[in-house]
Amino acid sequence: MADDLNRETPADRPAPVGPVDPLVVPRFAGPSTFARLPRREDVEVCDVAVLGIPFDSGVTYRPGARFGPHAIRNASRLLRAYHAGLDVHPFTAQQVADVGDVACNPFDIAEAISQIEAAADETLDSSTHLLSLGGDHTIALPLLRAMHRRHGPVALLHFDAHLDTWDTYFGAAYTHGTPFRRAWEEGLLLEDRATHVGIRGPLFSPDDLADDARFGFEIVDAMDVLDEGRRLGEAPVYVSIDIDVLDPGFAPGTGTPEAGGLTNRELLGILRGLAGVKLVGADIVEVAPPYDTSEITAVAASHAAYELLALFARRKI
Ligand code: MN
Ligand code: MN
């Protein structure tokens, strides 16, 4: 398994290439990669690959998340080199590189899922870890399949206003409201290690919660506080962040907003508290720029991505 992140840079391994120097090329100029990091093809080795997945044909309400990767990359231009809270340089403690976007079929969800799975697999052939930028939450299923191929079942830490363990919509099994039920059915999740954080808002019926409990999920709803890292232990951890876990005041640019959500401070604090977990992959989804205002949502997503990169740099080997 490609699971060991070797932080002792061996003599034959090139030093990580970081973002373009902001004191030479202003932040509003230069490459449009995530955080102005190198493209994957421009570096020899890669510890964390950033993959854009501009797919939103699985949404049940407002579309627009296909423009998420572009908006998050643009907002990431201001991210700086040193993470003081975790005392780590997320961009140079490891090689991070931008793989670009998956070209997904917007008219055929099944084909798009295959394309995303293939792209994730191909990326993981030459990069140790994956940070994906969506896209709607449908994309978590093919990403978890690719993770499973390398790490076996993972402990899922899922940030969202919604359970996303529903069965079908209009008869469709593959949507942004169903990825984790499918993942459970396919055996991609570690039993009794999956947690939802930030759940709130109206449900269809009490059966939604009964089904979810049957799949072994624990719910930390938006009124609770996550006890950092519980249930994760030494397991390989996958973090999936639906930006609608944030309150609409902090993330108006999303497709299915629900009142009463987390603040940025709460989300970033929870992520920071996970330092040391064995993070193997992560995604940030449901950023829909057409409903965003002053890039509030894209900035929030870019900072969540930064926290995730810091966690990759600080993970237990
Ligand atoms: Mn959601
Ligand atoms: Mn979701």
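Here's a quick rundown of the structure. (Residues numbered from 1 in each chain as written. Chains lettered and ligands numbered in written order. Predicted model: local features only at pLDDT ≥ 70, side-chain atom pairs only at ≥ 80, totals over all residues. Heavy atoms only, no water.)

**Things to note about the coordination of the manganese ion (ligand 2)**
Around a metal, the ideal angle is 109.5 degrees if four donors adopt a tetrahedral arrangement and 90 or 180 degrees if six donors adopt an octahedral arrangement.
Okay, step 1: Surrounding the manganese ion (ligand 2) are the protein donor atoms His-137 (ND1), Asp-160 (OD), Asp-164 (OD) and Asp-242 (OD), which sit 2.1 to 2.2 Å from the metal.
Okay, step 2: Read from N- to C-terminus, the donor residues coordinating the manganese ion (ligand 2) fall into the pattern H-x22-D-x3-D-x77-D.
Okay, step 3: Taken as an interatomic distance, the gap from the manganese ion (ligand 2) to the manganese ion (ligand 1) is 3.3 Å; Asp-160 donates to each of them. Placement of His-137 in the loop between β3 (129-134) and α3 (140-151) and of Asp-242 in strand β7 (residues 237-242) is noted, with a sequence separation of 105 residues between them. (Donors = N, O, S within 2.8 Å, 3.2 Å for Na, K, Ca; no water. Helix = DSSP H or I, 4+ residues; strand = E, 2+ residues; numbered from the N terminus.)

**Re the pairing of strand β1 (residues 48-53)**
Remember that side chains alternate between the two faces of the sheet whenever the strand is regular.
Okay, step 1: For β1, the tally of buried residues reaches 6 of 6 residues, placing the bulk of the element in the interior.
Okay, step 2: The alternating pattern of β1 places Val-48, Val-50 and Gly-52 and Ala-49, Leu-51 and Ile-53 on opposite faces, both of which are buried.
Okay, step 3: Sheet analysis places β1 next to strand β2 (residues 96-101), joined by 5 bridges and oriented parallel. Residue Gly-52 lies in a different strand from β2, and its bridge partner there is Asp-101.
Okay, step 4: Relative to β3, β1 is paired through 6 bridges, and the arrangement is parallel. (Buried < 20%, exposed > 50% of the residue type's maximum accessible area, 1.4 Å probe, protein only. Pairing = 2+ DSSP bridges.)

**Concerning the pairing of β3**
Okay, step 1: Counting buried positions along β3 yields 6 of 6 residues, so the element is predominantly enclosed.
Okay, step 2: Of the two faces of β3, both are covered, the one formed by His-129, Leu-131 and Leu-133 as well as the one formed by Leu-130, Ser-132 and Gly-134.
Okay, step 3: Note: β3 against strand β8 (residues 279-285), 4 bridges, orientation parallel. In the strand pairing of β8, Leu-133 is matched with Ile-284.

**Notes on a nonpolar patch on the surface**
Okay, step 1: On the surface, a cluster of nonpolar side chains totalling about 210 Å² of accessible area is made up of Leu-203, Leu-209 and Ile-219.
Okay, step 2: Structurally, Leu-209 can be placed in helix α5 (residues 207-214). (Patch = residues over 30% accessible without salt bridge, like charges linked within 9 Å, V, L, I, M, F, W, Y side chains within 5 Å. Areas by Shrake-Rupley, 256 points an atom, 1.4 Å probe, with all protein chains shown as cover. Salt bridge = Lys/Arg side-chain N within 4 Å of Asp/Glu carboxyl O.)

**Details of the packing of aromatic side chains**
Okay, step 1: Evaluated as defined, the whole model comprises 4 aromatic pairs.
Okay, step 2: Linked through ring pairs, Trp-166, Tyr-169 and Phe-204 together constitute an aromatic cluster.
Okay, step 3: One residue, Arg-62, lies across the ring of Tyr-291, its end atom 4.0 Å from the ring centre. (Phe/Tyr/Trp six-rings, centres within 6.5 Å; stacked < 30°, edge-to-face > 60°. Lys NZ or Arg CZ within 6 Å of the ring centre and 35° of its normal.)

**Quick word on the sheet that holds β8**
Okay, step 1: One open sheet accounts for 8 strands, arranged β2-β1-β3-β8-β7-β4-β5-β6; its pairing is parallel. Only two strands of the sheet have a single neighbouring strand rather than two, namely β2 and β6 (218-221). Here the strands of the sheet are splayed against their neighbours by 15° on average, with no regard to which way each runs.
Okay, step 2: Bridging between strand β4 (residues 155-159) and strand β5 (residues 195-199) involves 3 bridges; their strand directions are parallel. Across the sheet, residue His-158 finds its bridge partner in β5, namely His-196.
Okay, step 3: Along the sheet, α3 makes contact with β1, β3, β7 and β8, crossing β8 at roughly 175°. (Axes fitted to C-alpha atoms, helices over the stretch in contact; angles between N-to-C directions. Contact = heavy atoms within 4.5 Å.)

**Some remarks on helix α2 (residues 109-126)**
Okay, step 1: Relative to the 26 Å expected for 18 residues at 1.5 Å per residue, α2 spans 26 Å between its end C-alpha atoms, a close match to the ideal helical length.
Okay, step 2: For α2, the full list of buried residues reads Ala-112, Ile-113, Ile-116, Glu-117, Ala-119, Ala-120, Asp-121, Thr-123 and Leu-124.
Okay, step 3: Packing partners of the buried residues in α2 comprise β1, β2, β3 and α3.
Okay, step 4: Looking at where α2 begins, the residue whose side-chain oxygen comes 3.2 Å from the main-chain nitrogen of Ala-110 is Asp-108. (Expected span 1.5 Å × (residues − 1). Polar contact = N/O pair within 3.5 Å; in protein donor to acceptor, adjacent residues only side chain to side chain.)

**Focus: the coordination of the manganese ion (ligand 1)**
Okay, step 1: Taken together, Asp-160 (OD), His-162 (ND1), Asp-242 (OD), Asp-244 (OD) and Asp-244 (OD) make up the protein donors of the manganese ion (ligand 1), found 2.0 to 2.6 Å from the metal.
Okay, step 2: Each donor residue of the manganese ion (ligand 1) belongs to the same chain, with the gaps between them written as D-x1-H-x79-D-x1-D.
Okay, step 3: Judged by its relative accessible area of 0%, Asp-160 is buried.
Okay, step 4: You can call Asp-242 buried: its relative accessible area is 2%.

**Brief notes about the packing of α2 against α3**
Okay, step 1: Axis separation between α2 and α3 bottoms out at 8 Å; the angle between their running directions is 40°. For α2 against α3, the interelement crossing comes out right-handed. Side by side, α2 and α3 meet where Ile-113, Ile-116, Glu-117, Ala-120, Asp-121, Leu-124 and Asp-125 of the first sit next to Pro-142, Leu-143, Arg-145, Ala-146, Met-147, Arg-149 and Arg-150 of the second.
Okay, step 2: Here the contact of α2 with α3 is composed, by residue class, of 8 nonpolar, no polar and 6 charged. (Left-handed = near helix turned anticlockwise from the far one by under 90°. Nonpolar A, V, L, I, M, F, W, Y, C, P; charged D, E, K, R; others polar.)

**Section: the nonpolar core**
Okay, step 1: Among the nonpolar cores identified, the biggest contains 49 residues, and Phe-34, Leu-131, Phe-159, Val-239, Ile-241, Leu-271 and Leu-308 are the most heavily contacted of them.
Okay, step 2: Looking at this core, the elements with two or more residues in it are β1, β3, β4, β7, α6 (264-272), β8 and α7 (296-314).
Okay, step 3: Per-element accounting of this core gives the leading share, 11 residues, to α7.
Okay, step 4: Non-local contacts of Val-239, meaning those with residues more than four positions away in its chain, are made with Leu-157, Phe-159, Leu-271, Leu-279, Gly-281, Ala-282, Asp-283 and Leu-308.
Okay, step 5: Listed in part, the 34 residues of the second largest apolar core include Val-43, Phe-55, Cys-104 and Leu-188. (Core = buried A, V, L, I, M, F, W, Y, C linked by side-chain atoms within 4.5 Å.)

All quantities given are derived from atomic positions and should not be read as evidence of function.
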